[in-house]
Amino acid sequence: MPRAPASSQLPSYELYGELGRDAALDGLHLESIADRSRLHNWEIRPHRHAALLQLLLIERGSARVGIDGRELTLRGPAAVWVPTFAVHGFGFAPETQGQVVTLDQARLRKLLEGAGGLWEELGHARALPLRRGSAPLSGLRSVTGALRTEYAALHRWRGQALDGAVLMLAALVARLPRLVEESASSGAIEGRSMVHLARFREQVERHFRQHPPLAALAEPLGITPTQLNRLCRRHLHCSPLDVLHQRLLLEAKRELGYTTLQVRQISDGLGFSDPAYFTRFFRRLTGRSPKDWREAERQRDAG
C-alpha cells in the first residue's frame, strides 16, 4: 500500500476521489467495495474524511488496510470502522466483495444524543476479521441489508427506518474491539490537531444557525482564531468560515429538498437577516437561486 504523504499534503475527501463534494443530503451513502475501488485499480490511497465515518464490511476477498499508522491484512469476512479524521487507505484483491456504509457526522451525532457514550466510542478505529456464523457478522449483514433496502426505496416513513438501522449499526460497531492503539505515538501534535478540528466541527454543528464569529468558535477549543485558521487550511484545505458556510448550505439544501417551507422561512430559520441575503449566499455557492435549485431537484427526482 502506498505510504501516506506528509500530513500537510494529505488529502481530505468527502468520498474518496471527490474533493469538495457535498455530503449526501440523507447523511448516508451506500456502495459496494468494487464500485469505487475498481475505478482506482483496487487501490485507495491514504486520505481522511473531515465529516464522514465509514464501515467497510468485507465479505469475500482480502484487503491490505492502513489506518492511523497501523498496517494489517484482512480476509473476508472482516469489518473496518473509520472515524472522522483517521488516516486510512486500502489495497483490495481484485473482485473483493463487500459493502461500504458512509455516514455524515452531523446526522449521526444528532441521532446519538443521550446515548450514553456511544458517540465517543465510535471515535475509535476498528479493523478485525469476523468469524463466519458469529453474532457480530450476522448483525452487521442484517443491518447493512436493511439500509440497502430502505435507501433504494420510497416507502412511507423511510427516514425513520433509515435512522433506526443507523442506530443499530452504531451500536453493533461500538461493541467490536478497538484497533489496538500505540503505547507511544510520535504523532502527538498531529493528534491534538485532529482533536481541535473535531471539536471545531462540533461547535459549528451546534451554532451554525447563529452565524458565530471565528473568535467564538475558537475560544472553546482553547486556541486563537489564527491557530484555528491555520489548522483548517492545513488539514481541510479551506478556511473556518468556509466550513461554517458549507454547513449552512447543506442545511439549506436539506430544507429545500425535503420540506415545503418557503424560501423566506428557510432563510429565517438559518439565521439570515433577510431572504435576499440568503438568496445571494446560496447563489454564490451553487450558481443557482434557492428556487431554481429546488425545482431542478424535483425534476431530477421525478425523472
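Presented here is a report on the structure given in the accompanying data block.

Here is what the cut-offs are and how they apply
- Residues numbered from 1 in each chain as written.
- Predicted model: local features only at pLDDT ≥ 70, side-chain atom pairs only at ≥ 80, totals over all residues.
- Heavy atoms only, no water.
- Phe/Tyr/Trp six-rings, centres within 6.5 Å; stacked < 30°, edge-to-face > 60°.
- Buried < 20%, exposed > 50% of the residue type's maximum accessible area, 1.4 Å probe, protein only.
- Helix = DSSP H or I, 4+ residues; strand = E, 2+ residues; numbered from the N terminus.
- Pairing = 2+ DSSP bridges.
- Axes fitted to C-alpha atoms, helices over the stretch in contact; angles between N-to-C directions.
- Contact = heavy atoms within 4.5 Å.

## Focus: the packing of aromatic side chains
A full pass over the atoms with the stated rule returns six aromatic pairs. With a centroid separation of 5.1 Å and an interplanar angle of 50°, the aromatic rings of F272 and F281 are classed as tilted. By relative accessible area, which is 4% here, F281 ends up buried. Here F278 and F282 contribute two aromatic rings whose centre-to-centre distance is 6.1 Å and whose plane-to-plane angle is 55°, an arrangement assigned as tilted. Of the two residues, F278 and F282 both sit in helix 11 (residues 275-286), four residues apart, roughly one turn of that helix.

## Let's talk about the sheet that holds strand 10 (residues 126-129)
Ordered in space as 2-9-4-7-10, the five strands form an open sheet in which the pairing is antiparallel. Pairing within the sheet leaves two strands with one partner each, and these edge strands are strand 2 (28-32) and strand 10. Strand after strand, the sheet turns through a mean of 10° between neighbouring axes, direction not considered. Strands strand 2, strand 4 (52-60), strand 7 (78-82) and strand 9 (97-104) of the sheet are contacted by helix 4 (residues 135-152), whose axis makes an angle of about 115° with strand 4. Sheet strands touched by helix 5 (residues 158-175): strand 2, strand 4, strand 7, strand 9 and strand 10. Its angle to strand 9, the strand with the most contacts, is close to 105°.

## Some thoughts on the pairing of strand 6 (residues 70-75)
Sheet topology note: the strand 5 (residues 62-67)/strand 6 ladder contains six bridges and is antiparallel. Directly across from G66, in strand 6, lies its bridge partner E71. Counting the residues between successive antiparallel strands, the hairpin from strand 5 to strand 6 contains two residues, one of them, D68, with a positive phi of roughly 50°.

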